[in-house]
Amino acid sequence: MTTADFTIVDTPIGPFTTLAAADGAVLASGWTADADNLRLLIHPTLRPAELRRRDSLGAISQAVIDYHAGDLTAIDAIPVRQQSGEFLLHAWDVLRKIPAGEPVTYTEYAALSGRPAATRAAANACARNAAALFVPCHRVFRIGGALGGFRWGLEAKRWLLDHEA
């Protein structure tokens, strides 16, 4: 893949940039206006050499707008393409099945991913997720209610969890 399209949508918690393949699959996304930095989160085998800014990415942009406006399921049908090892791919699929408003602990997430003793691996899956929001790693927190980490900041994670509650 040599070129990916991107767009930036204003949200209540800041600019949200999405990079997408020509077929409409999200490659990377997050609360930033820096598309070049976001591109670096994409696995090298999928990473585009060039980025092309668009006013809209159609259904992807609409899903971002609708989610932030309160349609918490708007992101569910948007395809995502990431690359890694078997466990991370599976763990990212599991993240997409955690319902909005029903966050889980890292321990619960590890169990849902089929490796109940692999809490650190589950946390790593969240940390290596390039497609924030569409693969909702913000729905995982620490035992005791602490937020844990979030690439886009704990204020954004708190906003997302409150929004989904």
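Residues numbered from 1 in each chain as written. Predicted model: local features only at pLDDT ≥ 70, side-chain atom pairs only at ≥ 80, totals over all residues. Heavy atoms only, no water.

A. Here's a closer look at the pairing of strand S1 (residues 3-11). Bridging between S1 and strand S4 (residues 50-53) involves four bridges; their strand directions are parallel. Looking across to S4, one finds that Thr3 is bridged to Glu50. Of the strand pairs in this sheet, S1 and strand S2 (residues 14-20) are connected by seven bridges, and their pairing is antiparallel. Bridged to Phe6 within S2 is Leu19. (Pairing = 2+ DSSP bridges. Helix = DSSP H or I, 4+ residues; strand = E, 2+ residues; numbered from the N terminus.)

B. A look at the sheet that holds strand S3 (residues 26-30). A sheet is described by the order of its strands in space; here four strands give the open sequence S3-S2-S1-S4, paired in mixed fashion. Two strands close off the open sheet at either side, each with one partner strand: S3 and S4. The average angle at which neighbouring strand axes cross in this sheet is 25°, direction not considered. Here S2 runs beside S3; their pairing, made up of four bridges, is antiparallel. Residue pairing for S3: Thr18 is matched across the bridge by Ser29. Strands in contact with helix H2 (residues 59-69) are S1, S2 and S3; relative to S1, the strand with the most contacts, it is inclined by about 25°. (Axes fitted to C-alpha atoms, helices over the stretch in contact; angles between N-to-C directions. Contact = heavy atoms within 4.5 Å.)

C. Expanded view of the packing of aromatic side chains. This structure, assessed with the given rule, holds three aromatic pairs. A centroid spacing of 4.8 Å and a plane angle of 70° characterise the contact between Phe16 and Trp31, whose relative ring orientation is edge-to-face. Of the two residues, Phe16 sits in strand S2 while Trp31 sits in the loop between S3 and helix H1 (35-39), which places them 15 residues apart along the sequence. Owing to a relative accessible area of 0%, Phe16 belongs among the buried residues under this scheme. The interplanar angle of 50° and the centroid separation of 6.0 Å between the aromatic rings of Trp31 and Phe150 together place this pair among those described as tilted. With Trp31 in the loop between S3 and H1 and Phe150 in the loop between strand S6 (140-141) and helix H6 (154-164), this pair connects stretches of sequence that are 119 residues apart. (Phe/Tyr/Trp six-rings, centres within 6.5 Å; stacked < 30°, edge-to-face > 60°. Buried < 20%, exposed > 50% of the residue type's maximum accessible area, 1.4 Å probe, protein only.)

D. Main features of the pattern of salt bridges. Counted by the stated rule, this structure contains five salt bridges. Of the charged contacts in the structure, one is a salt bridge between Asp162 and Arg158, with a shortest N-O distance of 3.3 Å. Pair noted here: Asp162 and Arg158 are both in helix H6, with a separation of four residues, about one helical turn. Several salt bridges converge on common partners, so that one network encompasses Asp5, Arg52 and Arg54. (Salt bridge = Lys/Arg side-chain N within 4 Å of Asp/Glu carboxyl O.)

E. Main features of helix H3 (residues 86-95). Every buried residue belonging to H3 is among Phe87, Leu88, Ala91, Trp92, Val94 and Leu95, and all of these are buried. Buried positions in H3, seen along its axis, are confined to an arc of 155° and lie on one side of it. The elements touched by buried residues of H3 are helix H4 (106-112), helix H5 (119-127) and S6. (Arc of directions from axis to C-beta.)

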